[in-house]
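A structural walkthrough
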Amino acid sequence: MRTLVAGLLGTLFGVGLAVSGMTNPAKVLNFLDIAGVWDPTLALVMGGAFAVSAVGYAVSERSARAWLGDVFAIPTRRDLDASLLGGAALFGLGWGLVGLCPGPALANLARGGTEIWIFVVALLAGAGAYRFVIAGRASPLAERA
Amino acid sequence: METAFTPLAGLTGGIMIGLASALLLLANGRIAGISGILGRGFFDRAQAPGERPWRLAFLAGLPLGAWLSMLATGDAMGFAITPSPALLVAGGLLVGVGTQLGSGCTSGHGVCGMARGSRRSIVATATFMATAALTVFVARHVLGAA
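Residues numbered from 1 in each chain as written. Chains lettered and ligands numbered in written order. Predicted model: local features only at pLDDT ≥ 70, side-chain atom pairs only at ≥ 80, totals over all residues.

Thoughts on the overall build of chain B
For chain B, the count of helices and strands is 6 helices and 0 strands. When the helices and strands of chain B are read in sequence order from the N terminus, they spell out α-α-α-α-α-α. Principal-axis analysis of the C-alpha atoms gives chain B an extent of 50 × 35 × 30 Å. Sorting the 146 residues of chain B into buried and exposed places 57% on the buried side. (Helix = DSSP H or I, 4+ residues; strand = E, 2+ residues; numbered from the N terminus. Buried ≥ 20, exposed ≤ 12 C-beta atoms within 10 Å, placed from the backbone.)

Examining the nonpolar core
Soluble globular proteins tend to pack their nonpolar side chains together in the buried interior. Counting 86 residues, the largest nonpolar core has Leu-9 and Phe-119 of chain A together with Ala-20 of chain B as its most contacted members. In contact with Ala-20 of chain B, not counting residues within four places along its chain, are Leu-9, Leu-12, Phe-13 and Gly-16 of chain A together with Ala-32 of chain B. (Core = buried A, V, L, I, M, F, W, Y, C linked by C-beta atoms within 7 Å. Contact = placed C-beta atoms within 7 Å.)

A short note on the confidence of the model for chain A
Residues and elements named next belong to chain A. Of all residues in chain A, 92% attain a pLDDT of 70 or more, and the chain-wide mean is 92. When pLDDT is averaged over each element of chain A, helix α5 (residues 102-107) comes out on top at 98 and helix α7 (residues 140-144) at the bottom at 38. Within the model, the stretch residues 139-145 combines pLDDT values under 50 with 2 contacts to residues more than four positions away or in other chains. (pLDDT = per-residue confidence, 0-100.)

Some points on helix α3 (residues 51-73) of chain B
Over its 23 residues, α3 of chain B extends 33 Å from the first C-alpha to the last, a length consistent with the 33 Å expected when each residue adds 1.5 Å. Within α3 of chain B the residues assigned to the buried category are Trp-54, Arg-55, Ala-57, Phe-58, Leu-59, Gly-61, Leu-62, Pro-63, Gly-65, Ala-66, Ser-69 and Met-70 of chain B. Check the buried side of α3 of chain B and you find it contacts α1 (2-20) and α5 of chain A together with α1 (7-28) and α2 (34-43) of chain B. Remark: Gly-74 of chain B follows α3 of chain B within two positions and exhibits a positive phi of approximately 65°. (Expected span 1.5 Å × (residues − 1).)

Remarks on α1 of chain B
All names here are of chain B. Its 22 residues place the ends of α1 31 Å apart at the C-alpha level, agreeing with the 32 Å of an ideal helix rising 1.5 Å per residue. Judged by how many residues are buried, α1 sits mostly within the fold: 17 of 22 residues are covered. Just downstream of α1 lies Gly-29, where phi reads positive at about 75°.

Looking at the confidence of the model for chain B
The pLDDT averaged across chain B works out to 95; a share of 99% of its residues lies at or above 70. Confidence metrics for the complex model read pTM 0.95 and ipTM 0.96.

Notes on the interface of chain A and chain B
Each side of the interface is counted separately: chain A has 106 residues, and chain B has 106 residues. Listing elements by their share of the side of chain A that touches chain B, those giving two or more residues are α1, α2 (25-32), α3 (41-61), α4 (82-98), α5 and α6 (114-138) of chain A. Among the elements that take part in the side of chain A that touches chain B, α1 of chain A stands out by supplying 18 residues, more than any other. Residues belonging to the side of chain A that touches chain B are distributed by class as follows: 68 nonpolar, 28 polar and 10 charged. (Nonpolar A, V, L, I, M, F, W, Y, C, P; charged D, E, K, R; others polar.)

Comments concerning the packing of α1 of chain A against α1 of chain B
When two helices pack together, their arrangement is given by the angle between the helix axes and by the axis-to-axis distance. The interhelical angle for the contact between α1 of chain A and α1 of chain B, taken along N-to-C directions, is 165°, at an axis separation of 7 Å. Taken as axis vectors, α1 of chain A and α1 of chain B run roughly antiparallel relative to one another. The hand of the α1 of chain A/α1 of chain B crossing is left-handed. (Axes fitted to C-alpha atoms, helices over the stretch in contact; angles between N-to-C directions. Parallel < 35°, antiparallel > 145°, perpendicular 65-115°, else oblique. Left-handed = near helix turned anticlockwise from the far one by under 90°.)

Concerning the environment of Gly-41 of chain B
Residue and element names in this part refer to chain B. Within the secondary structure, Gly-41 is located in helix α2. C-alpha of Gly-41 to C-alpha of Trp-54: the two residues are 13 residues apart in sequence and 8.4 Å apart in space. Leaving out residues up to four positions away in the same chain, Gly-41 has contacts with Arg-52, Arg-55, Leu-56 and Leu-59.

Re unusual backbone geometry
Residue and element names in this part refer to chain B. Non-glycine residue Asp-75 carries a positive phi angle of around 55°. Its location among the elements puts Asp-75 in the loop between α3 and α4 (85-101). Here Asp-75 falls in the partly exposed class, since 14 other C-beta atoms lie within 10 Å of it. Positive phi outside glycine occurs at Ser-103, with the angle close to 55°.

The following block contains the structure:
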């Protein structure tokens, strides 16, 4: 049931990305291009998403468990560390080069095309390489070595 | 490519994204951060039972939703991307590594994290917005790319 719900909500998320135009990298880059042909649309996308998401969070705070019985898995860290800042900076650099963040990159697989596939494979390679390095460090075998 | 300011479409799509995030939290108790779902869903070998299926289902929904939307509206928003393989590979790698190292992207930090007032997410969002805008400024106005 949670898998079905997640699939439906991922689909709703994908519809939202396409409807808002965030699947068009040019629209995203034009938002970031404040000194050029500025297109403020992205601010309204994030504003709308933020407002509804904030209501959802407020409701969740008054609930003991999620509707399907799970506990809420919400990040609790509050510290600002180099990983957070460095990672966000690298992400921003890549986002500014092409105009795709992870959601729209995956949503655009519906469109296909060489450019999207190159980007998505590189994104998965980067994410996978990073997570395997971390997983390697954290594994018991690596600790013993 | 110049794009028109489309406030109504932006707000409508944003509300859908927010609704998906709010309902994933309320129904499943999970945060709709795409990079976290992607990184854990694909690469975390120690996932609790049942975690991988919902993650992969959510990710599969993204192109399905975009496809349904394009079917209904005929790609109203258009699409233009750099043809440069070097830029695409560099951008993909940076987004992949950066979102895992920084524990989130536009959805996890920018929408969900900010919506619950997370200090880490507010700082991360300000950081990636600033570096992305700086990158575009240098590419377009200093180096003169299209």
